[in-house]
Amino acid sequence: MQEIVIRRPDDWHLHLRDGAMLQGVLPETTRHFARAIVMPNLVPPVVTARDALAYRERILAALPEGAAFEPLMTLYLTEGTDPADVAAAAASGLVKAVKLYPAGATTNSQSGVRDLTKVMAVLERMAAIGLPLCTHGEVVDPAVDIFDREAVFIDSVLAPLRRRLPELRVVMEHITTEEGVAYAAEGGETLGATITTHHLILNRNHILAGGIRPHYYCLPVAKRERHRLALRRAATSGSPRYFLGTDSAPHVDALKEHACGCAGCFTATNTLPLLAHVFEAEGALDRLEGFASRHGPAFYRLPENAARLRLVKRAEPAVFAEKILTGAGPVTVFDPGFPVYWHVQD
Ligand code: DOR
Ligand code: ZN
């Protein structure tokens, strides 16, 4: 038996949804994670400080008995966002970032940004107060191939923005490419990048070869194998630029297994065992704590968690629930497609 003990991890990119779905999925995160950056792409989106504080109350009300979990709230950036409201949200201490969705890039992004010049006053205010911008880094131009949308975003949107506003603190969310890894590596301490569990495991063949697997479809979509390998090197490198953001994104099965299926992999349940598996395979178990529990707080200027989490490798594979039965309907848990021998010792 092998075991490691790490500081209790945080999830720096998470979708909790609302209502019955929130109630159903929240325990899957609070079981292992101390904090999470909660995405604001509800319908309608979480736009103002007031929206964020009300959403936070709904999350706190849905917490399982005895759970110690802190939701770190975000605002959804729109072309109508008021810089003063963003500053007030940050001053509350409860809102930790603003999320940029290019309009049309992903689930519930219709209210996002079409023209970055319209939000410059907000971004300048954020740069001045040190509030991070989390980016969904994909262009939406239909002429750009979906597998190129991240690399084109870096060149045509992110790099010019950071040249114009170098003090702005930016998180490249859920990077999926060698280009994303390389750009984050050069960015200095104003730049961070989150990596999901599933992008360390999947390449595009897993989605498409031998039958279409809707539960592996997410955005940004998984890329070629060389990109997955670059992500694994980055996550296990020990570099503080990279940290865990699961992008665990529940959709009920009926909407995943559909003619026009929703994007999202639901990994909250088994992320920690899967990460232990990946880090062990890369000979980097000693770097798991940095990725899951230390680099994120350092970027967000928050204390590391004092509590610990123990992972144990056993002879028998872990058995994960196949589905989480929520009041909104069943949600399929991410299946890595290989046995995982790591267990979280509760
Ligand atoms: O796969 C994804 N699902 N990517 C996103 O950017 C959004 C998310 C969701 O909200 O379902
Ligand atoms: Zn997301």
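It should be emphasised that the depicted structure is a prediction, and the values quoted were computed from it without experimental measurement.

(A) Spatial organisation of the packing of helix 5 (residues 149-164) against helix 6 (residues 178-186). In the contact formed by helix 5 and helix 6, the axes pass within 9 Å of each other and the chain directions differ by 20 degrees. When the interaxial angle is binned, helix 5 and helix 6 end up roughly parallel. In the crossing of helix 5 with helix 6, the sense of the turn from one axis to the other is right-handed. Of the residues in helix 6, those touching helix 5 at E150, A151, I154, L158, A159 and R162 are E179, G180 and Y183. For the contact of helix 5 with helix 6, the residue count by class is five nonpolar, one polar and three charged.

(B) Broad picture of the pairing of strand 2 (residues 10-14). Most of strand 2 sits inside the fold, with five of its five residues counted as buried. Both strand 2 and strand 3 (residues 35-38) contribute to a ladder of three bridges, which runs parallel. From the neighbouring strand, D11 faces strand 3, where its bridge partner is A36. The handedness of the strand 2 to strand 3 crossover, carried by helix 1 (residues 19-30), is right-handed.

(C) Expanded view of the pattern of salt bridges. Across all of its chains, the model carries 14 salt bridges by this definition. Here E57 ties to R56 by a salt bridge, and the two come within 3.8 Å at their closest N and O atoms. Exposure remark for R56: the relative accessible area of 16% places this residue in the buried category. With a shortest N-O distance of 3.8 Å, D115 and K118 are connected by a salt bridge. Judged by its relative accessible area of 28%, D115 falls in the partly exposed class.

(D) Fine view of unusual backbone geometry. In this structure, P44 follows V43 across a cis peptide bond, with omega equal to -5 degrees. Here P44 is to be found in the loop between strand 3 and helix 2 (49-62). The omega torsion across L219 and P220 is -5 degrees, close enough to zero to call that bond cis. With respect to the helices, strands and loops of the structure, P220 is situated in the loop between helix 7 (204-208) and helix 8 (225-235). Even without glycine at this site, D247 takes up a positive phi of about 55 degrees. Assignment of secondary structure puts D247 in the loop between strand 9 (242-244) and helix 9 (253-256).

(E) Up close: the side chain of S248. With respect to the helices and strands, the residue S248 is situated in the loop between strand 9 and helix 9. There is a polar contact of 3.1 Å between the side chain of S248 and the backbone nitrogen of T267. For S248, the contacting residues outside a window of four places in its chain are H13, L14, H15, C265, F266, T267 and A268.

(F) Spotlight on the side chain of R8. If you trace the backbone, R8 turns up in the loop between strand 1 (2-7) and strand 2. Apart from the residues lying within four places of it in its own chain, the contact partners of R8 are T30, R31, H32, F33, A34, S293, N305, A307, R308 and L309.

(G) Seen up close, the coordination of the zinc ion (ligand 2). Surrounding the zinc ion (ligand 2) are the protein donor atoms H13 (NE2), H15 (NE2) and D247 (OD), which sit 2.0 to 2.1 Å from the metal. Between the donor residues of the zinc ion (ligand 2), the gaps in sequence give the motif H-x1-H-x231-D.

(H) Region of interest: the site of ligand 1. Taken together, 13 residues lie near ligand 1, and R17, N41, T106, L219 and H251 sit nearest. Here a nitrogen atom of ligand 1 sits 2.7 Å away from a polar atom, N or O, in the main chain of L219. At 2.7 Å, a side-chain N or O of H251 approaches an oxygen atom of ligand 1. Summarising the interface, the protein chains cover 100% of the accessible area of ligand 1, which totals 290 Å² for the free molecule. The residue inventory of the shell around ligand 1, partitioned by class, reads four nonpolar, seven polar and two charged.

(I) Structural detail: the nonpolar core. Formed by 92 residues in total, the largest nonpolar core has its most connected members in L123 and L311. Leave out the neighbours within four places in its chain, and L123 touches L77, L133, L161, L165 and L168. Judged by nonpolar contacts, the second largest core, of 13 residues, contains W12, M39, Y76 and A97.

Analysis parameters
- Residues numbered from 1 in each chain as written.
- Chains lettered and ligands numbered in written order.
- Predicted model: local features only at pLDDT ≥ 70, side-chain atom pairs only at ≥ 80, totals over all residues.
- Heavy atoms only, no water.
- Axes fitted to C-alpha atoms, helices over the stretch in contact; angles between N-to-C directions.
- Helix = DSSP H or I, 4+ residues; strand = E, 2+ residues; numbered from the N terminus.
- Parallel < 35°, antiparallel > 145°, perpendicular 65-115°, else oblique.
- Left-handed = near helix turned anticlockwise from the far one by under 90°.
- Contact = heavy atoms within 4.5 Å.
- Nonpolar A, V, L, I, M, F, W, Y, C, P; charged D, E, K, R; others polar.
- Buried < 20%, exposed > 50% of the residue type's maximum accessible area, 1.4 Å probe, protein only.
- Pairing = 2+ DSSP bridges.
- Right-handed = clockwise from strand over helix to strand, strands pointing away.
- Salt bridge = Lys/Arg side-chain N within 4 Å of Asp/Glu carboxyl O.
- Polar contact = N/O pair within 3.5 Å; in protein donor to acceptor, adjacent residues only side chain to side chain.
- Donors = N, O, S within 2.8 Å, 3.2 Å for Na, K, Ca; no water.
- Near = heavy atom within 4 Å.
- Areas by Shrake-Rupley, 256 points an atom, 1.4 Å probe, with all protein chains shown as cover.
- Core = buried A, V, L, I, M, F, W, Y, C linked by side-chain atoms within 4.5 Å.

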